[in-house]
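Architecture and fold: a report
Residues per chain, in single letters:
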Amino acid sequence: MSQATLTLSRVRHSLAPWARIAGLTVCALVTLGPVIWTVSTSLRTPAQSFDLPPQIIPTHPTTAAYHGVFQQLDVWLLALNSTLVTALIAVGQMITAGLAGYAFARLEFPLKKPLFGLVLATMMVPLQVTIVPVFLVLKSMGLTDTLLGLIIPAFPTAFGTFLMRQYFLGMPKDLGEAAMLDGAGPWRIFRSVYAPLATPGLAIVGVLAFNYHWNEFFRPLILETSSQNYTLPLGLVSLQGNLGTGSISVVLAGVVLSMLPAVAVFVVGQRPLREGITSAGVNR
């Protein structure tokens, strides 16, 4: 190998880390750019919302837009509704996904594979296709315009079932067989042996469910008609009247407030997410 080739190879190896850092920096800026602009604009006065060129750091930051949000909306009620709905959905999906995933992974019953294929097929059906039948069923049960009407239909999760099935398949069968030799039944094996080991996987299901349903807009829009049952994303729609007066900072202040709980849950749930994904990869 010539000296020129060796020199070129060294240059490539020395530039490779910097190239990766530069690429990741560009991707981060593209991803976080709208969020930074949203937070920045929410701290400006309405007159400064459309300054050209836009200033990332406001010259005279103010929280007046946030006060405007609390004056126009019952933020605490909306946040309470959203918290109640998303927390119960997250817990419900963790329970249903854990039970269904264990059943499809470790139990034997008729039509097991076709049923699992049917569960996966539901992931291909858009929500807009099923919302009318769901609405009619809820109406017949008297659950329309109630928070329970948002919570109960969201308990089944095809993705969570698939994720937990793969998680349980990666666990050693010897653990269940040893418990069976000790006289434990399927429920005892699941509760005492496999469920504690599946905690990271269940945490993934819970965090993803919370973040998805916290930002959900379509189902509350169809199923809720009373303002006291509005969730936070649905309640923020009433702020759009500020766009006609140029007060975009008020609208974006509401957006920032709605993002904070989801960001907090994601930050707290980062460690379980990493542990769950890593342990799933090691098990497989």
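This one's a predicted model, so the numbers in the text were calculated from it and none came from an experiment.

Conventions we followed
- Numbering of residues begins from 1 in every chain and follows the order in which that chain's sequence is written.
- Given that the model is predicted, a residue must reach a pLDDT of at least 70 before its local features are reported, and side-chain atom pairs must reach 80 or more before they are shown or counted; all residues, however, enter totals for whole chains, interfaces and linings.
- As a rule here, side-chain values cover all heavy atoms of the structure and leave hydrogens and water aside.
- Helix and strand definitions here come from DSSP, where helices need a minimum of 4 consecutive H or I residues and strands a minimum of 2 consecutive E residues; each element is numbered from the N-terminal end.
- Exposure classes here rest on a 1.4 Å probe applied to the protein chains alone. A residue is buried below 20% of its type maximum, exposed above 50%, and partly exposed in between.
- Any two residues whose heavy atoms approach within 4.5 Å at even a single point are treated as in contact.
- All accessibility values rest on the Shrake-Rupley procedure with a 1.4 Å probe; residue burial counts only the protein chains present in the view.
- For helices, the axis comes from a line fit to the C-alpha atoms of the stretch in contact; other axes are also lines fit to C-alpha atoms, and the angle between any two N-to-C directions lies between 0 and 180 degrees.
- Just so you know how the angles are binned, under 35 degrees is roughly parallel, over 145 roughly antiparallel, 65 to 115 roughly perpendicular, and the rest oblique.
- Side-chain atoms within 4.5 Å link the members of a nonpolar core, which is a set of buried Ala, Val, Leu, Ile, Met, Phe, Trp, Tyr and Cys residues.
- For this analysis, a ring pair means two rings from Phe, Tyr or Trp (six-membered ring only for Trp) whose centres lie within 6.5 Å, classed as stacked if their planes differ by under 30 degrees, edge-to-face if by over 60, and tilted for the remaining angles.
- Counted as over-ring charges are cases with an Arg CZ or a Lys NZ within 6 Å of the ring centre that also lie within 35 degrees of the ring normal.
- By definition here, a helix of n residues has an expected span of 1.5 Å times n minus one.
- In this scheme, the bend at a residue equals the angle between the axes fitted to the seven residues that finish there and the seven that begin there.
- UniProt positions are given in the numbering used here, feature names are shortened, and annotations may be inferred rather than shown by experiment.
- Note that patches include only residues with greater than 30% relative accessible area and no salt bridge, and the join distances are 9 Å for like charges and 5 Å for nonpolar side chains (Val, Leu, Ile, Met, Phe, Trp, Tyr).
- By definition here, a salt bridge exists when the distance from a side-chain nitrogen of Lys or Arg to a carboxyl oxygen of Asp or Glu is within 4 Å.

What to know about the overall build of the chain
Regarding its fold elements, the chain presents 14 helices and zero strands. Counted from the first residue to the last, the chain has its helices and strands arranged as α-α-α-α-α-α-α-α-α-α-α-α-α-α. Within the chain, buried positions represent 36% of all 284 residues. Sequence separation of at least 24 residues holds for 73% of the intrachain contacts in the chain that already meet a minimum separation of 6. Accessible area of the chain: about 16,900 Å², with a carbon and sulfur share of 72%.

Description of the environment of Phe-135
The residue Phe-135 is located in helix α5 (residues 127–140) in this model. Taking relative accessible area as the criterion, Phe-135 reaches 27% and is therefore assigned partly exposed. Residues in contact with Phe-135, not counting those within four places in the same chain, are Thr-144, Ile-222 and Leu-223.

As for the packing of helix α10 (residues 199–214) against helix α13 (residues 248–268)
One can describe the packing of α10 onto α13 by two numbers: an axis separation of 10 Å at closest approach and a directional angle of 175°. As the angle between them shows, α10 and α13 are arranged roughly antiparallel. Side by side, α10 and α13 meet where Val-207, Phe-210, Asn-211 and Trp-214 of the first sit next to Ser-258, Pro-261, Ala-262, Val-265 and Phe-266 of the second.

Points about the nonpolar core
Val-69, Leu-73, Trp-214, Leu-239, Val-250 and Ala-253 are the most contacted members of the largest nonpolar core, which totals 18 residues. Residue assignment for this core shows that the elements contributing at least two residues are α2 (64–72), α3 (75–106), α10 and α13. Residues in contact with Val-69, not counting those within four places in the same chain, are Val-75, Leu-239, Val-250, Ala-253, Gly-254 and Leu-257. Among the nonpolar cores identified, the runner-up in size contains 17 residues, and Phe-168, Ala-179, Ala-198 and Leu-202 belong to it.

Side note on the packing of aromatic side chains
On inspection of all chains with the given rule, the structure shows ten aromatic pairs. On the numbers, 5.8 Å between centres and 35° between planes, the contact of Trp-187 with Phe-190 is tilted. Linking Trp-187 with Phe-190, this pair stays in helix α9 (residues 186–197), spanning three residues, or about one helical turn. Overall, Trp-187 belongs to the exposed group, its relative accessible area being 54%. Joined through ring pairs, the aromatic side chains of Tyr-102, Phe-168, Trp-187, Phe-190 and Tyr-194 make up one cluster. The aromatic ring of Phe-116 is capped on one face by Arg-165, whose charged end is 4.3 Å from the ring centroid.

Structural notes on α13
With 21 residues, α13 ought to run about 30 Å at 1.5 Å a step, and its terminal C-alpha atoms sit 31 Å apart, in line with that. The principal kink in α13, of about 30°, is found at Leu-260, preceding the proline Pro-261 by one to four residues.

Observations concerning unusual backbone geometry
Although it is not a glycine, Leu-111 sits at a positive phi angle of roughly 60°. Relative to the assigned elements, Leu-111 resides in the loop between α3 and α4 (112–121). Of the residues examined, Leu-111 reaches a relative accessible area of 61% and is grouped as exposed. Unusually for a residue other than glycine, Asp-145 sits at a positive phi of about 60°. Note on placement: Asp-145 falls in the loop between α5 and α6 (147–151).

Focus: the UniProt feature "transmembrane region" (unreviewed entry) in the chain
According to UniProt, the "transmembrane region" (unreviewed entry) feature falls on residues 21–40, 75–103, 115–138, 150–168, 189–214 and 248–269. End C-alpha to end C-alpha, residues 21–40 measures 26 Å, and it is 100% helix and 0% strand. Secondary structure content for residues 150–168 is 68% helix and 0% strand, while the C-alpha to C-alpha distance between its ends is 29 Å.

Some points on a nonpolar patch on the surface
Side chains of Leu-32, Val-35, Ile-36, Val-39, Ile-56 and Ile-57 sit close together on the surface and give an oily, nonpolar patch of about 550 Å² of accessible area. Positionally, Ile-36 belongs in helix α1 (residues 3–42).

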